[in-house]
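Each chain, letter by letter, is given below.
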Amino acid sequence: MDNQSTWKVGVVGLGAMGSGITQVVASHGYAVTAVDTSDERCQQGIDRIERFMQRGIELGKTRPEDRDRVLNGIRVSTSLGDLALNDVIIEAVYENLGVKQEVFRGLLPYVSANTILATNTSGLSVHAIAQGLPLTMPLIGLHFFNPPQLMRLVEVVSPLEVSSDVIGQVKAFCNAIGKEPVVVKDRPGFLVNRLLIPYLNQAIDAFDHQLASREDLDNAVELGLGYPMGPLKLLDQIGLDVHLHATTALYQQTYLPEFRPPIILEELVDAGRLGHKTGRGFYSYGKGKQSVAHDDGSDE
């Protein structure tokens, strides 16, 4: 990884996060090989990138030639063997310990001690994911935030086995693709989610106890704390199922009360009210506009 201008980057997984990371890397001029389990999934990932960039063109933020350059810089494959010559390999598959471990075991024949191996986990222990890898092949966490194309922060998650030299290389890589790295310990929730999830759970609990209406709760946070978005709006954007999964995982790892999933969150998820993606969450999103649901569960 001495010559930054010639870094070759591999991404495993072309879902929402993997395709976003692939786009970010390619947009900064680096050759990217992205691997998924089937030609269909590979094409879905490329389509996702193309749609994202097309929206940028329609908004006047992206030039058609930039879209073409990015797409031409991405190679897709269904074989991990095609990642053999890459300097950095970022795993971005489903948030499941066993699945992630299987990916890295599959990569072993194709990587060397000089390859930077990274997992994009948002909450799993990097140390646990690395079990089964040789000590000469340290694994690091690169927690990109969603959507990777827009969010500048990357948490660089450092287990005990990772040297300061590797950390330095990874930070240089993050800077080279336009990201701001912060180095954090390999602990449940890392840093951002460790702070964010209790805050969101407190907001859900405050709403459940009818301390304020949805709109007033969000306005209080936006106007009183200066946050760009209130917590209930943010939860609808994240996806209530995503937040439930994250807070449940943290609670199971720590048993700290601030991570215990609120009852109303579980009820909303069970009812299929997941936020933007289903049209209803804490708010309703009918006809392309946000509206506030009454406290009795009906919609205005």
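Residues numbered from 1 in each chain as written. Predicted model: local features only at pLDDT ≥ 70, side-chain atom pairs only at ≥ 80, totals over all residues. Heavy atoms only, no water.

Caption draft 1: Representation of the packing of aromatic side chains in the model. Under the criterion given, the structure shown has 5 aromatic pairs. Taking the centre distance of 5.7 Å and the plane angle of 50 degrees together, the rings of Trp7 and Phe173 count as tilted. Residue Trp7 is found in the segment before β1 (8–12), and its partner Phe173 is found in helix α6 (residues 164–176); the two are separated by 166 residues along the sequence. The exposure class assigned to Phe173 is buried, which follows from its relative accessible area of 2%. Of the aromatic side chains, those joined through ring pairs into one cluster are Trp7, Tyr30 and Phe173. (Phe/Tyr/Trp six-rings, centres within 6.5 Å; stacked < 30°, edge-to-face > 60°. Helix = DSSP H or I, 4+ residues; strand = E, 2+ residues; numbered from the N terminus. Buried < 20%, exposed > 50% of the residue type's maximum accessible area, 1.4 Å probe, protein only.)

Caption draft 2: Structural context of the side chain of Gln101. Along the chain, Gln101 turns up in helix α4 (residues 97–107). In contact with Gln101, not counting residues within four places along its chain, are Ala128, Ile129 and Gln131. (Contact = heavy atoms within 4.5 Å.)

Caption draft 3: Spatial organisation of the packing of helix α9 (residues 231–238) against helix α10 (residues 240–254). Two numbers describe how α9 lies on α10: the axes approach to 6 Å, and their chain directions differ by 95 degrees. Judged by the inter-axis angle, α9 sits roughly perpendicular to α10. In contact with Leu235, Asp236 and Ile238 of α9, α10 contributes Leu240, Val242 and His243. Among the residues making up the contact of α9 with α10, the classes are represented as 4 nonpolar, 1 polar and 1 charged. (Axes fitted to C-alpha atoms, helices over the stretch in contact; angles between N-to-C directions. Parallel < 35°, antiparallel > 145°, perpendicular 65-115°, else oblique. Nonpolar A, V, L, I, M, F, W, Y, C, P; charged D, E, K, R; others polar.)

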